[in-house]
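# Results of the structural survey
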Amino acid sequence: MPDFMQRRRWARLLDRCAVRFADHSVPERGWIATMRLALGMSAEQVATRKGVSRNAIYQAERSEKEGAVSLKQMENLARAMGGTFVYAIIPDAPIDQIKYAQAKRRAQALAHEEPGYASWSADEQQDWIDDTTAQLLHDMPSDFWDDQF
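Anyway, here's the lowdown on the structure attached to this text.

### Details of helix 2 (residues 31-39)
- Of the positions making up helix 2, those classed as buried are I32, A33 and R36. Looking down the long axis of helix 2, one finds its buried residues gathered within 90° of arc, a one-sided arrangement.
- Buried residues in helix 2 make contact with helix 3 (43-50), helix 4 (54-66) and helix 5 (71-80).
- Downstream of helix 2 by one or two residues, G40 has phi in the positive range, about 75°.

Okay, here's the thing in structure tokens:
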């Protein structure tokens, strides 16, 4: 398991990417067709550059819209049209928020196993949840992401 510093570097990288790609949306016709049409290239011209048939280009465009195009094919087509294919998983929220939400869910689930928890005051319960959340975030136990919570 990577250490805390490495995880933090990766989290910052993903958070920066999320900001950069916040306005991303897949064009209605897909990336392949949109790039080709924006360049004013015919499918035949892309096919010649890639060394395949025109029908292969149309099939790739259909496959992309269906979510069935391969990453390698996207990379090759992007290169054939003078572009670069970028593949990324962009977090829906900052990494720290995603981890915090998971830690809090786990703490709330663990609270029901804590003896006497139900008889504590609301403040004591909240303090226990907050402390347990912080401890889970600090320790990142191996079962942190288990689906049981």
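Picking up after the structure, the text goes on.
### Description of a positive patch on the surface
- On the surface, a cluster of positive charge is contributed by R8, R9, R12, R16 and R20.
- Tracing the sequence through the fold places R20 in helix 1 (residues 4-20).

### A closer look at a negative patch on the surface
- On the surface, D123, E124, D127, D130 and D131 cluster together into a negatively charged patch.
- Examined against the element boundaries, D131 turns out to sit in helix 7 (residues 122-139).

### Looking at the packing of helix 6 (residues 95-111) against helix 7
- In contact at an axis separation of 8 Å, helix 6 and helix 7 are set at 130° when each is read in the N-to-C sense. As the angle between them shows, helix 6 and helix 7 are arranged oblique. Of the two possible hands of crossing, helix 6 and helix 7 adopt the one that is right-handed. Contacts between helix 6 and helix 7 involve K99, Y100, A103, K104, R106, A107, Q108, L110 and A111 on the former and, on the latter, Q126, W128, I129, T132, T133, L136 and L137.
- In the contact of helix 6 with helix 7, the residues fall into 9 nonpolar, 4 polar and 3 charged.

### A closer look at the nonpolar core
- Counting 11 residues, the largest nonpolar core is built from I32, M41, A43, V46, A47, I57, A60, V69, M74, L77 and M81.
- Mapped onto this core, the elements with two or more residues apiece are helix 3, helix 4 and helix 5.
- Of the residues forming this core, the biggest block, 3 residues, is contributed by helix 3.
- The residues touching A60, leaving out its near neighbours within four places in the chain, are I32, V69, Q73 and L77.
- Counting residues in hydrophobic clusters, the runner-up holds 9 residues, among them A107, W128, L136 and M140.

### A short note on a nonpolar patch on the surface
- Taken together, the side chains of L71, Y87 and I89 define a hydrophobic patch exposed on the protein surface, amounting to about 360 Å² of accessible area.
- Along the polypeptide, L71 turns up in helix 5.

### Description of the packing of aromatic side chains
- Summed over all chains, the structure comprises 4 aromatic pairs.
- Residues Y117 and W120 carry aromatic rings whose centres are separated by 5.3 Å and whose planes lie at 65° to one another, so their mutual orientation is edge-to-face.
- Here W120 falls in the partly exposed class, since its relative accessible area comes to 25%.
- Here W120 and W128 contribute two aromatic rings whose centre-to-centre distance is 6.5 Å and whose plane-to-plane angle is 55°, an arrangement assigned as tilted.
- Among the aromatic residues, those joined into a ring-pair cluster are Y117, W120 and W128.

Criteria and thresholds
- Residues numbered from 1 in each chain as written.
- Predicted model: local features only at pLDDT ≥ 70, side-chain atom pairs only at ≥ 80, totals over all residues.
- Heavy atoms only, no water.
- Buried < 20%, exposed > 50% of the residue type's maximum accessible area, 1.4 Å probe, protein only.
- Helix = DSSP H or I, 4+ residues; strand = E, 2+ residues; numbered from the N terminus.
- Arc of directions from axis to C-beta.
- Contact = heavy atoms within 4.5 Å.
- Patch = residues over 30% accessible without salt bridge, like charges linked within 9 Å, V, L, I, M, F, W, Y side chains within 5 Å.
- Areas by Shrake-Rupley, 256 points an atom, 1.4 Å probe, with all protein chains shown as cover.
- Salt bridge = Lys/Arg side-chain N within 4 Å of Asp/Glu carboxyl O.
- Lys, Arg positive; Asp, Glu negative; His and termini not counted.
- Charge placed at Lys NZ, Arg CZ, Asp CG, Glu CD.
- Axes fitted to C-alpha atoms, helices over the stretch in contact; angles between N-to-C directions.
- Parallel < 35°, antiparallel > 145°, perpendicular 65-115°, else oblique.
- Left-handed = near helix turned anticlockwise from the far one by under 90°.
- Nonpolar A, V, L, I, M, F, W, Y, C, P; charged D, E, K, R; others polar.
- Core = buried A, V, L, I, M, F, W, Y, C linked by side-chain atoms within 4.5 Å.
- Phe/Tyr/Trp six-rings, centres within 6.5 Å; stacked < 30°, edge-to-face > 60°.

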